[in-house]
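Chains, contacts and geometry: an overview
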Amino acid sequence: DTAVSQTPKYLVTQMGNDKSIKCEQNLGHDTMYWYKQDSKKFLKIMFSYNNKELIINETVPNRFSPKSPDKAHLNLHINSLELGDSAVYFCASSPSIAGGVQFFGPGTRLTVL
Amino acid sequence: GQSLEQPSEVTAVEGAIVQINCTYQTSGFYGLSWYQQHDGGAPTFLSYNALDGLEETGRFSSFLSRSDSYGYLLLQELQMKDSASYFCAVNGAGSYQLTFGKGTKLSVIP
């Protein structure tokens, strides 16, 4: 199936640990994103890559580091996890760098204990 | 910067029509998008308006007035499965990103 996929779907971990979330899209899009959705369902952009180049880097703690090994993949590594990092993280891709039309992955629910 | 306003909750009866409004402020403007998100699910793209007017896709329509910085999503023949959160989002010229509103929780009742 053509889609945006993320792994894992659920992630439960202790404070202070380091974890990664992987994202892959087979839609042939050049632009990919990471969003954080908090408990109030507010969707906030974290990062965007276009053709493996970082184009958006919002005010996010530097414990969060994205990596795009190729156009189809955008991974998110989080160091020294904190309680406030608990949220749902969505990966998305877009056929255009303008980004009006985006296709989201299923999300990764991160719980930090 | 960019900001959007939309109602936090709307309730409507099955079979009825509901309109979800969105006003925005942005420096530069590419377009207004709408996304649907069911509880526990991912946002799903519904529509994108770059020009003024009404775009219709099945039971859903989206309208944009750039001069008023205003748009709406119109859902007709409401079904129970339409119960979800609906987000408007704007991408401003040169920003390469979508800024989302806080979402409108639509509850469809029998």
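Up top is the structure these notes are about.
Residues numbered from 1 in each chain as written. Chains lettered and ligands numbered in written order. Predicted model: local features only at pLDDT ≥ 70, side-chain atom pairs only at ≥ 80, totals over all residues. Heavy atoms only, no water.

Looking at the sheet that holds strand β7 (residues 60-65) of chain B
Residue and element names in this part refer to chain B. Taking strand neighbours across the sheet as the criterion, the five strands line up as β1-β3-β8-β7-β6 in an open arrangement whose pairing is antiparallel. The open sheet has two edge strands with one neighbour each: β1 (3-5) and β6 (53-57). Within this sheet the neighbouring strands show an average axis-to-axis angle of 20°, counted without direction. Where β1 meets strand β3 (residues 18-25), three bridges bridge the pair, whose relative direction is antiparallel. Bridge assignment links Ser-3 to a residue of β3, and that residue is Gln-25. (Pairing = 2+ DSSP bridges. Helix = DSSP H or I, 4+ residues; strand = E, 2+ residues; numbered from the N terminus. Axes fitted to C-alpha atoms, helices over the stretch in contact; angles between N-to-C directions.)

Some details on the interface of chain B and chain A
Taken together, the contact pairs 20 residues of chain B with 20 residues of chain A. Buried surface at the junction of chain B and chain A, summed over both partners, amounts to about 1,700 Å²; 61% is from carbon and sulfur atoms. Among the residues of chain B in contact with chain A, Tyr96(B), Gln97(B) and Phe100(B) are the three that bury the most area, contributing 35% of the side total. Counting across the chain B and chain A interface gives one salt bridge. The salt bridge partner of Lys41(A) is Asp39(B), with a shortest N-O separation of 3.5 Å. For the pair chain B and chain A, the number of links is five residue pairs in polar contact (both at pLDDT 80 or more). Going through the elements one at a time, β4 (31-37), β5 (44-49) and β9 (84-91) of chain B are the ones with two or more residues in the side of chain B that touches chain A. When grouped by side-chain class, the residues that make up the side of chain B that touches chain A number 10 nonpolar, eight polar and two charged. (Contact = heavy atoms within 4.5 Å. Buried area = accessible area lost by both parts, 1.4 Å probe. Salt bridge = Lys/Arg side-chain N within 4 Å of Asp/Glu carboxyl O. Polar contact = N/O pair within 3.5 Å; in protein donor to acceptor, adjacent residues only side chain to side chain. Nonpolar A, V, L, I, M, F, W, Y, C, P; charged D, E, K, R; others polar.)

Remarks on the sheet that holds strand β1 (residues 4-7) of chain A
Residue and element names in this part refer to chain A. Read across the sheet, four strands follow the order β1-β3-β8-β7 without closing on themselves; strand pairing throughout is antiparallel. Each edge of the open sheet carries a strand with a single partner, namely β1 and β7 (64-70). Sheet twist, expressed as the average angle between the axes of neighbouring strands with direction ignored, equals 20°. Across four bridges, strand β3 (residues 19-25) lies against strand β8 (residues 73-78) in antiparallel orientation. Among the inter-strand pairings, Ile-21 is bridged to a residue of β8, identified as Leu-76.

Describing the packing of aromatic side chains
Residues and elements named next belong to chain A. In the structure shown here, the tally under the stated rule is 14 aromatic pairs over all chains. Consider the rings of Phe-64 and Tyr-89, whose centres lie 6.3 Å apart with planes at 35°: the pair is tilted. Here Phe-64 is found in strand β7, whereas its partner Tyr-89 is found in strand β9 (residues 87-94), with 25 residues between them in sequence. Classification of Tyr-89 as buried rests on a relative accessible area of 0%. Aromatic side chains Phe-90 and Phe-104 sit 6.2 Å apart centroid to centroid with 80° between the ring planes, which places their arrangement in the edge-to-face category. Within this pair, whereas Phe-90 is found in strand β9, its partner Phe-104 is found in strand β10 (residues 103-104), the two being separated by 14 residues in sequence. Phe-104 matches Phe-90 in its accessibility class, with the two residues each being buried. (Phe/Tyr/Trp six-rings, centres within 6.5 Å; stacked < 30°, edge-to-face > 60°. Buried < 20%, exposed > 50% of the residue type's maximum accessible area, 1.4 Å probe, protein only.)

Here we look at the environment of Ser20(A)
Residue and element names in this part refer to chain A. Assignment of secondary structure puts Ser-20 in strand β3. Separated by 45 residues in sequence, Ser-20 and Ser-65 place their C-alpha atoms 9.4 Å apart. Those residues in contact with Ser-20 that sit more than four places away from it in its chain are Pro-8, Leu-11, Leu-76 and His-77. At a separation of 2.5 Å, a polar atom in the side chain of Ser-20 contacts the side chain of His-77.

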